[in-house]
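Chain residues, written in single-letter form:
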Amino acid sequence: VAQKMEEGKSFALSNQLLAWYDRHRRVLPWRALPGGAPDPYKVWLSEIMLQQTTVATVGPYFQKFIKRWPTLHDLAKADLESIRQMWAGLGYYRRAQLLHECARLVLRNYKDSFPSSENELRKLPGFGPYTAAAVAAIAFDQRANVIDGNVERVMARLRAVKTPLPKAKAKLRALAEALLPNKRFGDYAQALMDLGATVCTPKSPKCSLCPWISVCEAKAKGLIEKLPRRVPAKAKPQRRAIAFVLYDAKKRRVLLRRRPAKGLLAGMMEVPTTVWSEKAFPKLETAQKEAPVRACWRLIPGVVRHVFSHFELELKVAIASSSYTKSGCWVLQDRLANQALPSVMHKVIRHAQKHEREA
Ligand code: SF4
């Protein structure tokens, strides 16, 4: 009897959230309209893009991808380089490669449509536990416990969990599991995400708009601003290098090279640099051995900084002109936007261009 009562209470909560969702759901380009059937391809593409990236950043990329490759079949048939070019600027570049691998595998093994179970999805390239749960719930309305940072925050507040993250993860997952509804699993997963993103926000949550205000323990105990607690993140190590921006004699083109197929920024284009090292900046005289050509290199003032997930990179920029090079490829300066060039390398080139304009 006690278990039935608990279930009844949690279904009441999930129903309240679903009713809230029916009135306040966000309109997102990858989301089906109310009552409409979700497109698994769009759900998957958006979930891969949203890993580590915000909804606002993903929006325009998602639209560009869907316009160019409207179906999974189209994406599977695309060449990897054009996917990388379209992905440039979105970060975590391995995702572009895994996206392509996954599309090809689904086309080959599942005849063009994704499997619907969380376990089967989990085996596909680019799928972690979160993405498998999200796609199973949102695209196929399967019962799945979809936990992202938003959901963890809502659970920590709703149940006043004081254990700090990441230690609290298993507990928050169990609390979310206990609240799952017995129907509309896809809507419920999206409702929780929307609640976290628009109402139970990290700073100044809008509790007066929350469907769970009357049962929220953090609200009752005045702990909202303190939860979720987190173990403070360690400072990221710094790496340093010199980047070599080589212009051709007329300064219309710059030299780029391709990064190795494995590792950070795999397969993307880059401005040649010295090895990214945790030591101090190398001297230009020694660094020149790693330059793409022998030339009259000179360092320009300033440093370009970029934050990666596990370290911060500082780059000093050296420039030179030469029409000779043994390796790499020349790219017209006004065509850089069409390259698979990550944001950090755009920053380097913009830094050099600014210096040239001001010189
Ligand atoms: S009442 Fe406030 S803190 Fe509690 S779940 Fe709702 S928005 Fe979050």
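Right, let's walk through the structure included here. Worth saying up front: this structure is predicted, and the values here are computed from it rather than measured.

Lining the immediate surroundings of the ligand are Arg157, Val199, Cys200, Cys207, Cys210, Ile213, Cys216 and Ile224. A breakdown of the residues in the shell around the ligand according to their chemical character gives 7 nonpolar, no polar and 1 charged.

Trp44 and Phe65 are the most contacted members of the largest nonpolar core, which totals 73 residues. Among all residues touching Trp44, those that are not within four sequence positions of it are Leu72, Leu75, Leu99, Cys102, Ala103, Phe114, Phe127 and Val135. If you look at the next biggest cluster of nonpolar residues, it comprises 33 residues, including Leu13, Leu17, Leu179 and Cys207.

The next subject is the packing of aromatic side chains. Within the structure shown, the criterion is met by 9 aromatic pairs. On the numbers, 6.0 Å between centres and 40° between planes, the contact of Tyr41 with Trp44 is tilted. Taken together, the residues span about one helical turn, with Tyr41 and Trp44 both in helix H2 (residues 40-50) at a distance of 3 residues. For the pair Tyr41 and Trp44, a shared accessibility class is recorded, and that class is buried. With centroids separated by 5.9 Å and ring planes inclined at 85°, the aromatic side chains of Phe65 and Trp87 adopt a geometry described as edge-to-face. Taken together, the positions of Phe65 in helix H3 (residues 55-68) and Trp87 in helix H5 (residues 80-87) put the pair 22 residues apart, joining distant regions of the chain. On the accessibility criterion, Phe65 (0% relative accessible area) is buried. Taken together, the ring pairs connect Tyr41, Trp44 and Phe114 into an aromatic cluster. Positioned above the aromatic ring of Phe311 is the side chain of Arg239, whose terminal nitrogen or guanidinium carbon lies 3.9 Å from the ring centre. Across from the ring centre of Trp276, 4.9 Å away, lies the NZ or CZ of Arg259, which sits over that ring.

Within H5, 6 of the 8 residues are buried, leaving the element largely enclosed by the surrounding structure. Of the positions making up H5, those classed as buried are Glu81, Ser82, Ile83, Arg84, Met86 and Trp87. Those residues of H5 that are buried lie in contact with H2, H3, helix H4 (72-77), helix H6 (94-109) and strand S2 (253-258). Phi turns positive, to about 105°, at Gly89, one or two residues after H5.

Our next topic: unusual backbone geometry. A cis amide bond links Leu165 to the next residue, Pro166, at an omega of 5°. Of note, the bond from Leu227 into Pro228 is cis; its omega dihedral lies within 30 degrees of zero at -5°. With respect to the secondary-structure elements, Pro228 resides in the loop between helix H12 (217-221) and strand S1 (238-247). One non-glycine residue, Arg184, lies in the positive phi region at around 45°. With respect to the helices and strands, Arg184 occurs in the loop between helix H10 (169-179) and helix H11 (185-199). For Arg184, a relative accessible area of 27% gives the class partly exposed. Unlike most non-glycine residues, Lys251 shows phi in positive territory, near 60°.

What follows covers the packing of H2 against helix H8 (residues 129-140). Two elements in contact, H2 and H8, have axes whose closest approach is 9 Å; the angle formed by their N-to-C orientations is 150°. Here H8 runs roughly antiparallel to H2, going by the angle between their axes. In terms of crossing hand, the pair formed by H2 and H8 is right-handed. On H8, the residues that touch Pro40, Val43, Trp44, Glu47 and Ile48 of H2 are Tyr130, Thr131, Ala134, Val135, Ile138, Ala139 and Phe140.

Of all 10 residues making up strand S6 (residues 312-321), 7 are buried, and the element is well covered by its neighbours. Relative to S6, strand S4 (residues 298-299) runs antiparallel, the two sharing 2 bridges. Bridging from a neighbouring strand, Arg298 pairs with Ile319 of S6. Here strand S5 (residues 304-307) pairs with S6 via 4 bridges, running antiparallel. Note on S6: the bridge partner recorded for His306 is Leu313. Taken together, S5 and the strand that follows it, S6, pair antiparallel across an intervening segment of 4 residues.

Thresholds applied
- Residues numbered from 1 in each chain as written.
- Predicted model: local features only at pLDDT ≥ 70, side-chain atom pairs only at ≥ 80, totals over all residues.
- Heavy atoms only, no water.
- Near = heavy atom within 4 Å.
- Nonpolar A, V, L, I, M, F, W, Y, C, P; charged D, E, K, R; others polar.
- Core = buried A, V, L, I, M, F, W, Y, C linked by side-chain atoms within 4.5 Å.
- Buried < 20%, exposed > 50% of the residue type's maximum accessible area, 1.4 Å probe, protein only.
- Contact = heavy atoms within 4.5 Å.
- Phe/Tyr/Trp six-rings, centres within 6.5 Å; stacked < 30°, edge-to-face > 60°.
- Helix = DSSP H or I, 4+ residues; strand = E, 2+ residues; numbered from the N terminus.
- Lys NZ or Arg CZ within 6 Å of the ring centre and 35° of its normal.
- Axes fitted to C-alpha atoms, helices over the stretch in contact; angles between N-to-C directions.
- Parallel < 35°, antiparallel > 145°, perpendicular 65-115°, else oblique.
- Left-handed = near helix turned anticlockwise from the far one by under 90°.
- Pairing = 2+ DSSP bridges.

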